[in-house]
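# Notes for the structure review
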Amino acid sequence: MNRMLEICKWYQNAVSPVIFMIDDFCNVWIDLNHNGKIDPGEDWGYAQRNSGSSLYFLEQNILDKFTEVKVTFFTPVGVRSPVIEKALFPFVSKQINCDEETKKFFRSVGENRKFEIAYHGTTHGRPGKIAADFIQEWDSFVDLKQATDTIRTGINIYKDVFGKNPVGGKYCGYVANEFSDDSIDQNGFLWWCRYCNVDLIENDNNPIEGDDQYLLSNYDIKYFGKNKVVDIPTTINGSLCHIAYSNSFNVKNIGKKMLKPLIQSRKLEQLRYLLDNSLVISIQEHIAPSRADGKRQMPNIFDDLDSLQMIFQLLKGYPVWYCTCSELANYVRARDNVDIIFDTQNSFTLETNITGLEKTQLTLKMNSNNFKVIKQPDYSDVLIKNGLANIDVIKGKFFLY
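Residues numbered from 1 in each chain as written. Predicted model: local features only at pLDDT ≥ 70, side-chain atom pairs only at ≥ 80, totals over all residues. Heavy atoms only, no water.

### Describing the sheet that holds strand S21 (residues 388–392)
Where strands meet in a sheet, backbone hydrogen bonds hold them as pairs that are either parallel or antiparallel. Spatially, S1-S18-S21 is the arrangement adopted by the three strands of the open sheet, whose pairing is antiparallel. Across the chains shown, the open sheet's two edge strands, defined by having one partner strand only, are strand S1 (5–7) and S21. In this sheet, neighbouring strand axes are inclined to one another by 35 degrees on average, regardless of whether the strands run parallel or antiparallel. Judged from the five bridges that link them, strand S18 (residues 361–366) and S21 form a sheet pairing that is antiparallel. Bridge pairing in S21 links Lys365 to Leu388. Across the sheet, helix H9 (residues 325–337) touches S1 and S18, and the angle it forms with S18 is around 55 degrees. (Pairing = 2+ DSSP bridges. Helix = DSSP H or I, 4+ residues; strand = E, 2+ residues; numbered from the N terminus. Axes fitted to C-alpha atoms, helices over the stretch in contact; angles between N-to-C directions. Contact = heavy atoms within 4.5 Å.)

See the structure below:
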């Protein structure tokens, strides 16, 4: 590659990409107080945007305040199982294509430019007599055929709602078995979330002087499978700063509140580490705290509201890239599979050995102040601003002026 320009690691040469991941956004309602009304914290998506809905809470309390943030929702598309065989509360669970109104709602969310809906299985798993006996969906498959058949059933439901196949998703509970990766690789997914690494730094007694190579390898993008599925790690628990905002006044928490500055500093070390090393910041949450056994599902956007607001407020001080998982995966595939070939000092072409990059943009960092514009093969002009230019991955010759 000519030294006058280079491809940036992240779009717009951001220090890190930031993804807000929210699990189990699906057609479920758990009536915790048996009153027949949808109250805040009970809804997983069933209430749509009506009174008490979790999506309304999310938009009013987080997304309207931090307008740059984008969300990747992970959706069980079928009848989502409760964690126990006999739910302790009225439990409504339906497929996301159960009727036209429901399909229209989920489709509207998926079409919002700030959202995407990713695949999170069909039922999420198989309930047991107690919650500890719940078997996560990909761990329940006895062979590759069963895994593939179930995925194809789920893909058909997804396609009925959105008119296209899902391009990515996540293992339910981050649990998988020996058949799981092959089932993802063979069913056309572009990206997948396999691992939750939110505790790697917190559990390291000396995180900054520890095994940096180990941390870097688990907090950065990887690939798996014959088709090189983009492997996106989960790196931040949305409750990261929750303890600093506890309103409980028992003895234990009084001590913690006295140590609030130290706790915040220690907790936020993980966030700083990701930023300092230009790694993925993917924030893990659930859409609601309600569970069929009466326990609270953690983390969740209700209990962690103050923590999430603090995280996003802190990130305002950094040049980060807010994106969805699909946007991240598309950029990474282009970044890692495109070569810039200079024909002359002011013209170049892009070479790649993979398909599907036609609508992707790459950010170029200019190491020379001689040029102000890049003319693309389609004759459109891309201005070079602050030494950066976002070009389209298209065939043909690019000219520097």
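Still to come is the rest of the account.
### Considerations on unusual backbone geometry
The peptide bond linking Met298 to Pro299 adopts the cis configuration, its omega dihedral lying at -10 degrees. Here Pro299 is to be found in the loop between strand S14 (281–286) and helix H8 (305–315). The phi dihedral of Lys228 is positive, around 55 degrees, even though this residue is not glycine. Tracing the backbone through its elements, the reader meets Lys228 in the loop between strand S11 (222–224) and strand S12 (229–231). Since its relative accessible area comes to 46%, Lys228 is described here as partly exposed. One non-glycine residue with positive phi stands out, namely Asn386, at about 50 degrees. Along the chain, the position of Asn386 falls in the loop between strand S20 (381–383) and S21. (Buried < 20%, exposed > 50% of the residue type's maximum accessible area, 1.4 Å probe, protein only.)

### A word on the pairing of S14
Consecutive side chains along a regular strand alternate between the two faces of the sheet. Counting buried positions along S14 gives six out of six residues, so the element sits mostly inside the fold. The side-chain alternation of S14 yields two buried faces, one formed by Ile281, Ile283 and Glu285 and the other by Ser282, Gln284 and His286. Of the strand pairs in this sheet, strand S2 (residues 17–23) and S14 are connected by six bridges, and their pairing is parallel. Bridge pairing in S14 places Val18 opposite Ile281.

### Digging into the state of the cysteines
According to the stated counting rule, one finds zero disulfides in the structure shown. Take Cys26: it sits in no disulfide, and the sulfur closest to it among the cysteines is that of Cys172, at 10 Å. The class of Cys26 is buried, set by a relative accessible area of 0%. (Disulfide = S-S within 2.5 Å.)

### Regarding empty space enclosed by the protein
For the coordinates displayed, the defined rule picks out two cavities of 30 Å³ or more. The volume enclosed by the largest cavity comes to roughly 50 Å³. Surrounding the largest cavity, Ile30, Trp44, Arg80, Ser81, Pro82, Val83, Phe91, Ser290, Arg291, Ala292 and Gln297 form its lining. A breakdown of the residues in the lining of the largest cavity according to their chemical character gives six nonpolar, three polar and two charged. (1 Å grid on protein atoms, 1.4 Å probe; cavity = no way out; pocket = protein on both sides within 12 Å on 5 of 7 lines; lining within 4 Å. Points joined across faces, edges and corners; volume = space filled by probe spheres on them. Nonpolar A, V, L, I, M, F, W, Y, C, P; charged D, E, K, R; others polar.)

### Looking at the nonpolar core
Counting 68 residues, the largest nonpolar core has Phe20, Phe73, Phe312 and Leu315 as the members making the most contacts within it. Of all the elements, helix H3 (residues 144–162) adds the most residues to this core, at seven residues. When sequence neighbours within four positions are dropped, the list of residues in contact with Phe312 reads Phe20, Ile62, Phe66, Val69, Ile283 and Tyr322. Residues Ala118, Ile221, Cys325 and Leu388 belong to the second largest nonpolar core, which totals 44 residues. (Core = buried A, V, L, I, M, F, W, Y, C linked by side-chain atoms within 4.5 Å.)

### Quick notes on the confidence of the model for the protein
In regions of low pLDDT, the predicted coordinates are not meant to be interpreted in detail. Scored by pLDDT, the protein comes out at a mean of 91, with 90% of its residues at no less than 70. In the predicted structure, residues 203–210 sits below a pLDDT of 50 and forms eleven contacts with residues beyond four places in sequence or in another chain. Note that pLDDT drops below 50 for residues 244–252; the model gives that stretch eleven contacts with residues more than four away or on any other chain. (pLDDT = per-residue confidence, 0-100.)

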